[in-house]
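This is what each chain is made of:
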Amino acid sequence: MQPTDIRDPRYFHKVVDCQWACPAHTPVPEYIRLIAACRFTDAYMINWESNVFPGILGRTCDRPCEPACRRGRVEKEPVAICRLKRVAADYKDDVRSRLPKKAAKTNGKRVALVGAGPASLTVARDLLPLGYEVVCFDGDPQGGGMMRTQIPKFRLPETVLDEEVNYILDLGLETRFGQRIDSMKALLGQGFDAIFVGSGAPRGRNLEIPGRQEAAANIHIGIDWLSSVSFGHINRIGRRVIVLGGGNTAMDCCRTSRRLGGDDVKVVVRSGFEEMKASPWEKEDAMHEDIPIFNFLVPKEFTHKGGKLTGIVFEKVKAEYDAKGRRNLVPAGEPPVHMECDDVLVAVGQENAFPWIERDIGIEFDKWNMPVVDQATMASTLPHVFFGGDAAFGPKNIIWAVAHGHDAAISIDKLCHGEPVGDRPPPMVNLFSQKMGIHEWSYDNDISNDLRFKVPHRPKEIALKDVRLEVELGFDDKLAFEEAQRCLNCDVQTVFERNLCIECDACADICPVDCITFTHNGTEADLRSRLNAPSKNLTQDLYVSDALKTSRVLVKDEDLCLHCGLCAERCPTGAWDMQKSLIQMVHAGHECRSRSSA
Amino acid sequence: MTYIAKPKLRHPDLPKNKLGYTRRDYEGSISTLCAGCGHDSISAAIIQACFELDLPPHRIAKLSGIGCSSKTPTYFLGSSHGFNSVHGRMPSVLTGANLANRDLIYLGVSGDGDSASIGLGQFAHLMRRGVNMTYIVENNGVYGLTKGQFSATSDKGSKSKRGAVNTDAPIDLVGMALQLGATFIARSFSGDKTQLVPLIKAALTHKGAAFIDCISPCVAFNNHVGSTKSFDYVREHNESVNRLDIIEGRSEITADYAPGTIEMVTQHDGSVLRLHKLALDYDPHDRISAMTYLQQRHAQGEIVTGLLYVDPEPDDLHDYMNTVERPLNELGEQELCPGSKLLDKLNAALR
C-alpha cells in the first residue's frame, strides 16, 4: 500500500466516526470534552455554530453519530452523544453576547425562504450576519416548521424551541408568518436574488381501504393531527386508539394519544418489529408507556356502525425472502384479526407536495414529482432557486435539514458574489500536539470502563397527565460527566513519524486493542490478513507508513483504536504523537469564497 | 513511566486459545520500565508464547532476582505464581521450588547483572544440575538502574553512553551454558519476536535446563553508536543459524522443503520442533562444534542467534536425584511418616 497521506483532511475526519457520520459534521469529541470540563457554554457554542439547534437536537435528533461511535465497537453501546448535547444546552449561561450581531448594514442582496423549518432557519442564520436581507414565509403563525408542528411538546418543550428559533429571528429575519406561498411564479416575480425552498414534506400519506369514507370522522392523518394538538386545536381522543405505522411519527402519535385520554393505545405495523423505521429508543419509550406494538398485520378494512368507527380488520402476514434477499410480505393464511377502537391515527409515511410550483418556470421535476436538486450545492435547475430539508430529497430529519441549509447558504453566498457555486470550500483542519509532559496529555486518556448511563425520566404517572410536560429529565451534571468520560477522544489522532522510529515494538506490545503491526508491505487485503488482530471492518482505513529501516512498514488499523495514547507514552523517541485534529466545516461568508474575490 | 492502567477494553474478535483465554488474559500490570525498553518486548513474547501453548496461568511459577529485568514478571502472567528473590539468587529459590513441586512450569527471568555478576555461581550450578525450567536472561550489557555502567556481558571495546571504552572481557552466558551441560540453549533478540516467541515456546516445553540469552537493548543507556547491544548494531550483526516452528502434539507435517534445509526434533512431551536451517553446516546437537562455531563468529563480530543446542532426550534434576513423582504438598502422613518400627530399625543401624 502507498503511505497514508495524513495531509488529506478526509483521512483524520473519517477517524472521528461521529463527526464523519453527522450530516452537519459537528466536532463531537471536542464539545464532549468541554462538557466534562463543565464548560457548558463553550460546548453549546461549538454545537450552535455547527448544527444551529443544540437544545432541540439534543432532544430530538435521529443521532446518525451514535451508531457510528467507536465506543459501540469495543463495548455494547455508544456514547450518549445526543443527550450530552442537551446537557450543554441545559446548563449553559446566557449565550446572547456570543451570538453574531445583526448586520450593521445590508449588502443589498435579498433572499426569500419558503417555510420556516430547520433548513430555512439555518440559511437565515448563515446569511443574516453577512448583511443579506432575508424574508421568510410560512403558512403557520410561528416559526420552527415541523419542529413545532410535529414534535410533541413532551419531547421538546416550547421554551427550548422558542429560544433557539428566536436567536435566528433576532438576527433581523423579516418574517411573513401566516402567509403561505401558493405560486412560485409570483415569488420569482418579486425580484429576490435567491430563493430557498425549505417547505418540508407536509403531506401525510392516506390509507384508502374500505370504510375510510364512512368512518372518516374518527380517522386522522398523523402529522396533521399532531400539528392540531401542537397548536391546541385538539385536546382529546377516544379511549381506544390504534396507530397505524412504524415510524417516529407513529411513536409520537401513540404517546400523544396516551396523554389525551387514550388508555388503550396500540401500534400496528405491517412489517416485523425489527424492521420498523422508528428509532429503537422511540419504540422503547412508547412501550414503556404501556403501548403494545403488534407486527405483521396489514389493515384491510375500517369497520363502522351507524357512521361511527368500530375497529379495523387486519390480515396476518409473514416475511419471505426471495433469492436476492428482498423481503416480501405474504399472507400467513390465518383468519383475519379484528381490533376494536374509537379512533385511528394514520402514520404510514409522508410525501412531498409542490402544487404551488408551476412546472413551466424552469424548475425541473423528476418522475417521482420531486425537484431535480444537486446533492452538493442544493441548487435546482433554476440557478437561483435552491431546495433543502425534506423538500429536497424527501423525508429525512432535522440534522440533515441543517446540513442542507449550510450548503445552500454557501451556494447563495457564492452566487451573489458571482462565483461558481460548484466550487465547494474544504473544511478547516487544525492538527496540533496534545503533549504536555513526558506522559501527560491535554486530554484525559484514562479510558473509563463505565457502561452507557440512562437518562432519567419523569415518573410515568405524572408524565402521562400532561401533553406539554417533558418526559426526559436529562442528565444531571454528575451523570453528564460520567457519560462524557466514556468518549474515546477519537479526534486526538495517533500521528506517526517514520524517521524517528527505532522499531522497538513498544507501541505494538502495549496497544490494548492490538491495532498496531510492523510487517512487510503488501496490498490492503494482504496486509489486513497479516495484522496482529483480526481486521474485518473494511470501512475503516489502515494507516500505513513509508518503509522503515528493516524495510518493514507500520500498519495501524484505525477501526478499534481507543486513542488512549499508550503507543505514544511507550514510544522512546516520540515517533508517535497524539495530535488533535479539529475539523470545522466552512459556512457561508468570506471563508467559503475563493481568495481572488474575497 | 505510564500513569494510567492499561484500558480494559479489548479487541472484540481477539483469538482465544484452547482454554478460552485471549492473549490479554496472560498480561500483568502495566510496565514501569523506560519507554521502549527491550525487556517489555520480551514480556510480550512470553505472554504470546504462554497464550499459544494454552498454558493454564495458575500452573506457571515466574521467579526473578533484582534489576530491570527482574521487575518484568510483574508485567506478564498476572495470574501466575511469582517470587522476587534476592539479587542473583533466583536459581537457588527456583531449584528449591522445583524440588518441592515438580508439577509447575518454571520460568526464571534474570538480567546480565543478576546472572553474569552477582549470580554467576548460582547460574552455573543451576545449569549443571539440569533443573527443569526456562531461564531467560534479558541481556542489555549495561547497568541501567544505576545509570549506564558496563555490565559483565559488555563487549570489550564497546563504548558507554558517556564515551568510556570497556576494557574488560565479556562473559558469554551461552558459552558457559554449553559448557555446563544445559540441554536447551538459544540466543535471540527482543526486536525479533518472530524468532523469539517460538524459542520461548520450545524452551517452556523442554524438559531440563533451557537457557535463552536474549539481547535486549537499553533504550535509555545502551542504544547509541559504539554500543554492541543497540537496536542498530544487533540488527546489522545478527546471524541467525535457524528459524524455529513448534508443532504441538503429533499433528501431521506435510510441507515440502528442499532437502537438508529442515530438521524435525521431537521433544519428550511429543511436541515437534521444526528447524529451518539458515546456516546449513550448523548442527544444533553437537555441543563441541557449537562452542567452536560461536567463538569463531564472535571473533568476527557477529551475533549468532537461533536454537544453538538442543538435546531431545534430556534428564533433569529429579531424574538424577530419584525424587518422588508427586509434589510434596500432595504427600500425606502415610508417605511422609514411615512409622516407628522403621525408625527403630534405622536407629539401630546407626548405633
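Source: prediction; values computed, not measured.

### Looking at the overall build of chain A
In terms of helices and strands, chain A carries 22 helices and 24 strands. Counting only C-alpha atoms and orienting by the principal axes, one finds that chain A spans roughly 90 × 65 × 50 Å. Across the 598 residues that make up chain A, the buried fraction comes to 48%.

### Some details on the overall build of chain B
For chain B, the count of helices and strands is 12 helices and 13 strands. Taking 351 residues into account, the globule formula puts the C-alpha radius of gyration at 20 Å, and chain B, at 21 Å, falls close to it. Taking the principal axes of the C-alpha coordinates as reference, chain B spans close to 75 × 50 × 50 Å. Residue pairs at least 24 apart in sequence account for 71% of intrachain contacts in chain B once pairs closer than 6 positions are excluded.

### Brief notes about the environment of cysteine 214 of chain B
Residues and elements named next belong to chain B. Summarising the element assignment, cysteine 214 is placed in strand β8 (residues 209-215). Residues cysteine 214 and isoleucine 42, spaced 172 residues apart in sequence, show a C-alpha to C-alpha distance of 8.1 Å. Ignoring any residue separated from it by four or fewer positions in sequence, one finds cysteine 214 in contact with Ile42, Ile136, Val137, Glu138, Asn139, Ser188, Phe189, Ser190 and Leu196.

### Some thoughts on helix α5 (residues 120-129) of chain B
Three or more residues of α5 of chain B are buried, namely Gln122, Phe123, Leu126 and Met127 of chain B. The arc that holds the buried residues of α5 of chain B, viewed along the axis, is 130 degrees, so those residues lie on one side.

### Considering the sheet that holds β8 of chain B
All names here are of chain B. Spatially, eight strands are ordered β2-β1-β3-β4-β8-β7-β13-β9 in an open sheet, and the strand pairing comes out mixed. In this open sheet, the two edge strands, each paired with only one partner strand, are β2 (81-84) and β9 (238-240). Neighbour to neighbour, the strand axes of the sheet diverge by 20 degrees on average, direction disregarded. Sheet topology note: the strand β7 (residues 184-189)/strand β13 (residues 303-310) ladder contains four bridges and is antiparallel. What sits directly across from alanine 186, in β13, is leucine 307. Sitting on the sheet, helix α9 (residues 287-299) touches β9 and β13, and the angle it makes with β13 is about 175 degrees.

### Re the packing of helix α9 (residues 118-127) of chain A against helix α17 (residues 398-416) of chain A
Residues and elements named next belong to chain A. Packing of α9 against α17 leaves a shortest axis separation of 7 Å and a crossing angle of 40 degrees. Between α9 and α17, the crossing angle belongs to the class labelled oblique. By crossing handedness, the relation of α9 to α17 is classed as right-handed. Of the residues in α17, those touching α9 at Pro118, Ala119, Ser120, Thr122, Val123, Asp126 and Leu127 are Ile398, Ala401, Val402, His404, Gly405, His406, Ala408, Ala409, Ile412 and Asp413. For the contact of α9 with α17, a count of residues per class yields 10 nonpolar, five polar and two charged.

### Observations regarding the nonpolar core
All names here are of chain A. Grouped together as the largest cluster of nonpolar side chains are 212 residues, with contacts concentrated most on Ile35, Leu113 and Leu127. Of all the elements, α17 adds the most residues to this core, at 12 residues. Ignoring anything within four residues of it in the chain, the contact list for leucine 113 reads Ser120, Val123, Ala124, Val134, Val135, Cys136, Phe137, Phe196 and Gly198. Core analysis: the second largest hydrophobic core is formed by 39 residues, Ile237, Val241, Met251 and Phe302 among them.

### Observations concerning the domain arrangement of chain A
Domain boundaries assigned for chain A yield domain 1 (9-97 + 451-484), domain 2 (100-202 + 352-416), domain 3 (204-349) and domain 4 (492-584). Distance from the C-alpha centre of domain 3 of chain A to the C-alpha centre of domain 4 of chain A: 52 Å.

### Re the environment of threonine 122 of chain A
Residue and element names in this part refer to chain A. When you line up the elements, threonine 122 lands in helix α9. The sequence separation of threonine 122 and glutamate 133 amounts to 11 residues, and the corresponding C-alpha distance is 14 Å. If near-sequence neighbours (up to four positions away) are discounted, threonine 122 is found in contact with Val52, Val402, Gly405, His406 and Ala409.

### Thoughts on the interface of chain B and chain A
Counting from both sides, the interface comprises 25 residues of chain B and, opposite them, 28 residues of chain A. Within the residue set of the side of chain B that touches chain A, elements represented by two or more residues are α1 (38-52) and α8 (231-237) of chain B. The dominant element in the side of chain B that touches chain A, judged by the number of residues it contributes, is α1 of chain B, at four residues. Partitioning the side of chain B that touches chain A into residue classes produces 12 nonpolar, six polar and seven charged.

### Some thoughts on the pairing of β13 of chain B
Residue and element names in this part refer to chain B. For β13, a buried count of eight out of eight residues is recorded, marking the element as mostly surrounded by other parts of the structure. Across three bridges, β9 lies against β13 in parallel orientation. Across the sheet, the residue bridging to serine 240 is threonine 305, located in β13.

### Some thoughts on the sheet that holds strand β10 (residues 242-247) of chain B
Working definition: the strands of a sheet are paired by backbone hydrogen bonds and lie parallel or antiparallel to each other. Residue and element names in this part refer to chain B. In space, the three strands of this open sheet follow the order β10-β12-β11, with antiparallel pairing throughout. Looking at strand neighbours, the two that pair on one side only are β10 and β11 (262-266), the edges of this open sheet. Looking at each pair of strands side by side, their axes are set apart by 20 degrees on average, direction ignored. Two strands pair when backbone bridges link them, and β11 and strand β12 (residues 272-277) are joined in this way by five bridges, in the antiparallel orientation. Pairing of threonine 266 across the sheet is with valine 272, part of β12. Contacting β10 and β12, helix α7 (residues 193-205) crosses the sheet at an angle of about 50 degrees to β10.

### Examining the pairing of β8 of chain B
All names here are of chain B. Among the seven residues of β8, seven are classified as buried, and the element is accordingly described as predominantly covered. Neither face of β8 is exposed, since Ala209, Phe211, Asp213 and Ile215 on one face and Ala210, Ile212 and Cys214 on the opposite face are all buried. With seven bridges joining them, strand β4 (residues 133-139) and β8 adopt parallel strand pairing. Paired with methionine 133 across the strands is alanine 209, a residue of β8. In this sheet, β8 lies alongside β7 in parallel orientation, the contact comprising six bridges. By the bridge assignment, serine 188 is partnered in β8 with cysteine 214.

### Side note on the confidence of the model for chain B
Mean pLDDT over chain B stands at 93; residues scoring 70 or higher make up 96%. Predicted as a complex, the structure gets a pTM of 0.91 and an ipTM equal to 0.90.

### Here's the deal with the packing of helix α4 (residues 40-51) of chain A against helix α8 (residues 81-91) of chain A
Residues and elements named next belong to chain A. Interhelical geometry of α4 versus α8 gives an angle of 120 degrees and a closest axis separation of 8 Å. In this view, α4 runs oblique relative to α8, as classed from their interaxial angle. The two elements α4 and α8 meet at a crossing, and its hand is left-handed. Taken together, the residues of α8 that come into contact with α4 (itself represented by Phe40, Ala43, Tyr44 and Asn47) are Lys85, Val87, Ala88, Ala89 and Tyr91. Here the contact of α4 with α8 is built from residues that sort into seven nonpolar, one polar and one charged.

### A look at unusual backbone geometry
With a phi angle near 65 degrees, asparagine 369 of chain A is a residue other than glycine that sits in the positive phi range. Residue position: asparagine 369 of chain A is located in the loop between β15 (350-351) and β16 (385-387). Phi angles above zero are rare outside glycine, and aspartate 54 of chain B is one such case at about 55 degrees. Tracing the backbone through its elements, the reader meets aspartate 54 of chain B in the loop between α1 and β1 (60-64). Overall, aspartate 54 of chain B belongs to the partly exposed group, with 13 C-beta atoms counted inside 10 Å.

### Digging into the environment of isoleucine 363 of chain A
Residue and element names in this part refer to chain A. Note that isoleucine 363 resides in the loop between β15 and β16. Among the residues examined, isoleucine 363 registers 21 C-beta atoms within 10 Å and is labelled buried. Between the C-alpha atom of isoleucine 363 and that of serine 442, which follows or precedes it by 79 residues, the distance is 52 Å. Excluding its chain neighbours within four sequence positions, the residues that come into contact with isoleucine 363 are Ile357, Pro371, Ser380, Thr381, Leu382 and Val385.

Quick notes on the rules
Residues numbered from 1 in each chain as written. Chains lettered and ligands numbered in written order. Predicted model: local features only at pLDDT ≥ 70, side-chain atom pairs only at ≥ 80, totals over all residues. Helix = DSSP H or I, 4+ residues; strand = E, 2+ residues; numbered from the N terminus. Buried ≥ 20, exposed ≤ 12 C-beta atoms within 10 Å, placed from the backbone. Rg over C-alpha atoms; globule rule 2.2 N^0.38 Å. Contact = placed C-beta atoms within 7 Å. Arc of directions from axis to C-beta. Pairing = 2+ DSSP bridges. Axes fitted to C-alpha atoms, helices over the stretch in contact; angles between N-to-C directions. Parallel < 35°, antiparallel > 145°, perpendicular 65-115°, else oblique. Left-handed = near helix turned anticlockwise from the far one by under 90°. Nonpolar A, V, L, I, M, F, W, Y, C, P; charged D, E, K, R; others polar. Core = buried A, V, L, I, M, F, W, Y, C linked by C-beta atoms within 7 Å. Domains from an automatic or database assignment. pLDDT = per-residue confidence, 0-100.

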